[in-house]
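Below are the chains, spelled out letter by letter.
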Amino acid sequence: MSKVLLHTPVGVRDIYGKECAVKLTIENNINKVFNLYGYHNIQTPTFEFFDIFSKERGSVASKNLYKFFDREGNTLVLRPDMTPSIARLAAKYYMDANVPIKLCYNANTYVNTSELQGKLKETTQLGCELINDNSVEADAEMIALVVESLKASGLTEFLVEIGHVDFYNGLIAESGLDEDAEVELREMILNKNDFAVEEILNQNHVTGEVKNAMLKLPELFGSVDVLNVAKELTSNKKALTAIKRLEKLYAILEDYGVSRYISFDLASLSNYGYYTGIIFKGFTYGTGEQVAAGGRYDKLLSQFGKNAAAIGFAVYMDQIMIAHSGNIQKTDYEYEVIVYEPKFRKYAFSLAGDLRNNGIKTELIPKKKEIDIHEYKKFKIDDGASKVTYVSKDGAVIL
């Protein structure tokens, strides 16, 4: 058999043994938090019609989608992002509902891009979506849920950086930049290229208060005091309304008792065009990437026929795993093993039954003559078994 068959394609990988146990343990812990907050699990298809993720939905670029065709010739894609799928689901099954809808999920997403060298193309996301609530209280619940989810993942030191797209959008509208210049400016801001930002503004003859505010954007991050600084930089009504929303949000987060995990970044932007209000990202030590991200997307559901406000976030499990570097002591992987001589099968079955009735995961293995009992022990202990018992003519002996 060719060794090529043993390898995975670039961008995907196997997860097995203790690592898989750690991943599942963290996922279960996070999902428990979701459920405790009243969010209900859903599942959407791994692939959907291409139009669900078209440019108008503001998701991943078409060139970075895994595309294929069904028998009828329809273009299908592996989902690159969960939010449009959930927006579609909500519009289909909750079209006439007006009360808040709380949904959560655990799913894999797929992005086919050569721009992310060395990064996974299949990733696991756990997230929540709150639909039919445009209040600042909903914003705060979502941020508090991010904090509790990251704590449930085992992280102790992290920050959730919060911004608001309307602070940036207000300045852009006032600057008069055309679409091409704005796209270029956004990229330079995301790359923290201050010199390029100033050059773009000069080339497009942006002057005065709005120019000064945009040049100061990279400095507008840190504690809640940043909001006061931002208010002094602009008289733009849209930008100031965004700041006022963030101030109200912070007051509620203080009531939640999570303000120590909060910082602000008014230059925070997203490549996803569907965000309309607050946006946020979670960061921790050990990984250069965000471990969680989300925001408000009040106009996305209307593209599926339902006029409803919405806000959501995703926790990126692969980055959580990198942050932990495997340093999770207790997992759901712990189990015991009973290796038995075939003639003592009934006794071994009885022992295993007692252990399982007490909630102890127990693996039964009939011993083969050609395999030494110590080989069984070494393999299972190395694999993570807490105890190996040998059932033979000498009774049940713990190895």
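Look up a bit, the structure's there.
Residues numbered from 1 in each chain as written. Predicted model: local features only at pLDDT ≥ 70, side-chain atom pairs only at ≥ 80, totals over all residues. Heavy atoms only, no water.

Asker: So what's going on with the nonpolar core? Which residues, and what values?
Answerer: Within the largest apolar cluster, 72 residues are counted, with the highest numbers of intra-cluster contacts made by Ile162, Phe167, Leu266 and Phe280. By residue number, the principal contributor to this core is helix α3 (residues 136-152), which donates nine residues. The residues touching leucine 266, leaving out its near neighbours within four places in the chain, are Phe167, Leu217, Leu220, Val226, Leu227, Ala230, Ile243 and Leu246. (Core = buried A, V, L, I, M, F, W, Y, C linked by side-chain atoms within 4.5 Å. Buried < 20%, exposed > 50% of the residue type's maximum accessible area, 1.4 Å probe, protein only. Helix = DSSP H or I, 4+ residues; strand = E, 2+ residues; numbered from the N terminus. Contact = heavy atoms within 4.5 Å.)

Asker: If you had to explain the pairing of strand β10 (residues 278-284) to someone new, which residues and values would you point to?
Answerer: Buried residues dominate β10, accounting for six of its seven residues. Looking at chain direction, strand β7 (residues 158-164) and β10 are connected through seven bridges and run antiparallel. When the bridges of β10 are listed, valine 160 appears paired with glycine 282. Pairing analysis gives four bridges linking β10 to strand β11 (residues 292-296), with the strands arranged antiparallel. Looking at β11, one finds that isoleucine 279 is bridged to glycine 295. (Pairing = 2+ DSSP bridges.)

Asker: Please give an account of the packing of helix α5 (residues 179-190) against helix α6 (residues 194-203) that cites residues and values.
Answerer: Running from N to C, α5 and α6 point in directions that differ by 160 degrees, and their axes come no closer than 8 Å. In terms of axis orientation, α5 runs roughly antiparallel to α6. In the packing of α5 onto α6, the handedness of the crossing is left-handed. Between α5 and α6, the residues in contact are Ala181, Glu184, Leu185, Met188 and Ile189 and Ala196, Val197 and Ile200, respectively. (Axes fitted to C-alpha atoms, helices over the stretch in contact; angles between N-to-C directions. Parallel < 35°, antiparallel > 145°, perpendicular 65-115°, else oblique. Left-handed = near helix turned anticlockwise from the far one by under 90°.)

Asker: Residue-level account of empty space enclosed by the protein, with values.
Answerer: Over the atoms, a rolling probe the size of a water molecule traces out where space has been left empty. For the coordinates displayed, the defined rule picks out one cavity of 30 Å³ or more. As a volume, the largest cavity reaches approximately 40 Å³. Every residue along the wall of the largest cavity is listed here: Met188, Ile189, Lys192, Asn193, Asp194, Val197, Pro218 and Ala267. Considering only residue class, the lining of the largest cavity consists of five nonpolar, one polar and two charged. (1 Å grid on protein atoms, 1.4 Å probe; cavity = no way out; pocket = protein on both sides within 12 Å on 5 of 7 lines; lining within 4 Å. Points joined across faces, edges and corners; volume = space filled by probe spheres on them. Nonpolar A, V, L, I, M, F, W, Y, C, P; charged D, E, K, R; others polar.)

Asker: Account for helix α10 (residues 317-324), with residues named and values stated.
Answerer: The element α10 is extensively covered by neighbouring structure, given that seven of its eight residues are classed as buried. All buried positions along α10 are accounted for by Met317, Asp318, Gln319, Ile320, Met321, Ala323 and His324. Along its buried surface, α10 packs onto α1 (17-36), β6 (122-131), α3, β10 and β12 (310-316). In the stretch just after α10, serine 325 is the one whose phi turns positive, near 50 degrees.

Asker: So what about the sheet that holds strand β4 (residues 75-78)? Which residues, and what values?
Answerer: The three strands are arranged β2-β4-β3 in an open sheet whose pairing can be described as antiparallel. Two strands in the sheet have a free side with no partner beyond their single neighbour: β2 (47-49) and β3 (67-69). Averaged over all pairs of adjacent strands, the angle between their axes in this sheet comes to 40 degrees, without regard to strand direction. Two elements, β3 and β4, share three bridges in a ladder whose sense is antiparallel. Its bridge partner lying in β4, phenylalanine 68 is registered against leucine 76.

Asker: So, a negative patch on the surface: which residues are in play, and what are the values?
Answerer: On the surface, a cluster of negative charge is contributed by Asp178, Glu179, Asp180, Glu184, Glu187 and Glu199. Looking at the negative patch, the element that brings in the most residues is α5, giving four residues. Its place among the elements puts glutamate 187 in helix α5. With a relative accessible area of 44%, glutamate 187 lands in the partly exposed category. (Patch = residues over 30% accessible without salt bridge, like charges linked within 9 Å, V, L, I, M, F, W, Y side chains within 5 Å. Areas by Shrake-Rupley, 256 points an atom, 1.4 Å probe, with all protein chains shown as cover. Salt bridge = Lys/Arg side-chain N within 4 Å of Asp/Glu carboxyl O. Lys, Arg positive; Asp, Glu negative; His and termini not counted. Charge placed at Lys NZ, Arg CZ, Asp CG, Glu CD.)

Asker: Give me the lowdown on the pairing of β6, citing residues and values where you can.
Answerer: Counting buried positions along β6 yields eight of 10 residues, so the element is predominantly enclosed. By the bridge criterion, 10 bridges tie strand β5 (residues 101-110) to β6 in an arrangement that is antiparallel. Of the residues in β6, the one forming a bridge with cysteine 104 is cysteine 128. By the bridge criterion, seven bridges tie β6 to β12 in an arrangement that is antiparallel. Counterpart to leucine 126 in the pairing with β12 is valine 315.

Asker: For the side chain of aspartate 265, give the residues involved together with the corresponding values.
Answerer: Along the chain, aspartate 265 turns up in strand β9 (residues 262-265). Residue classification places aspartate 265 among the buried residues on the basis of a relative accessible area of 8%. Aspartate 265 has contacts with Glu161, Ile162, Gly163, Lys192, Leu220 and Phe221, leaving out every residue within four places of it along the chain.

Asker: Quick one: what's the story with the sheet that holds strand β14 (residues 362-366), residue by residue and with numbers?
Answerer: What the four strands build is an open sheet, ordered β14-β13-β15-β16; its pairing is mixed. A single partner strand is all that each edge strand has here, and the edge strands are β14 and β16 (395-398). Here the average twist between neighbouring strands, direction ignored, is 20 degrees. By the bridge criterion, four bridges tie strand β15 (residues 387-392) to β16 in an arrangement that is antiparallel. Considered in β16, the bridge of serine 392 is made with glycine 395. Sitting on the sheet, helix α11 (residues 345-357) touches β13 (336-340), β14, β15 and β16, and the angle it makes with β13 is about 170 degrees.

Asker: An account of the packing of aromatic side chains is needed here, citing residue identities and associated values.
Answerer: A full pass over the atoms with the stated rule returns seven aromatic pairs. Plain terms: the ring middles of phenylalanine 47 and phenylalanine 68 are 5.5 Å apart, the flat faces sit at 75 degrees to each other, and that makes the pair edge-to-face. Within this pair, whereas phenylalanine 47 is found in strand β2, its partner phenylalanine 68 is found in strand β3, the two being separated by 21 residues in sequence. For the pair tyrosine 274 and tyrosine 275, a centre-to-centre distance of 5.0 Å together with 75 degrees between the ring planes defines the contact as edge-to-face. Take tyrosine 274 and tyrosine 275: they sit in the same class, and that class is buried. Across the ring face of tyrosine 261, the terminal group of arginine 260 is positioned such that the distance to the ring centre comes to 4.5 Å. (Phe/Tyr/Trp six-rings, centres within 6.5 Å; stacked < 30°, edge-to-face > 60°. Lys NZ or Arg CZ within 6 Å of the ring centre and 35° of its normal.)

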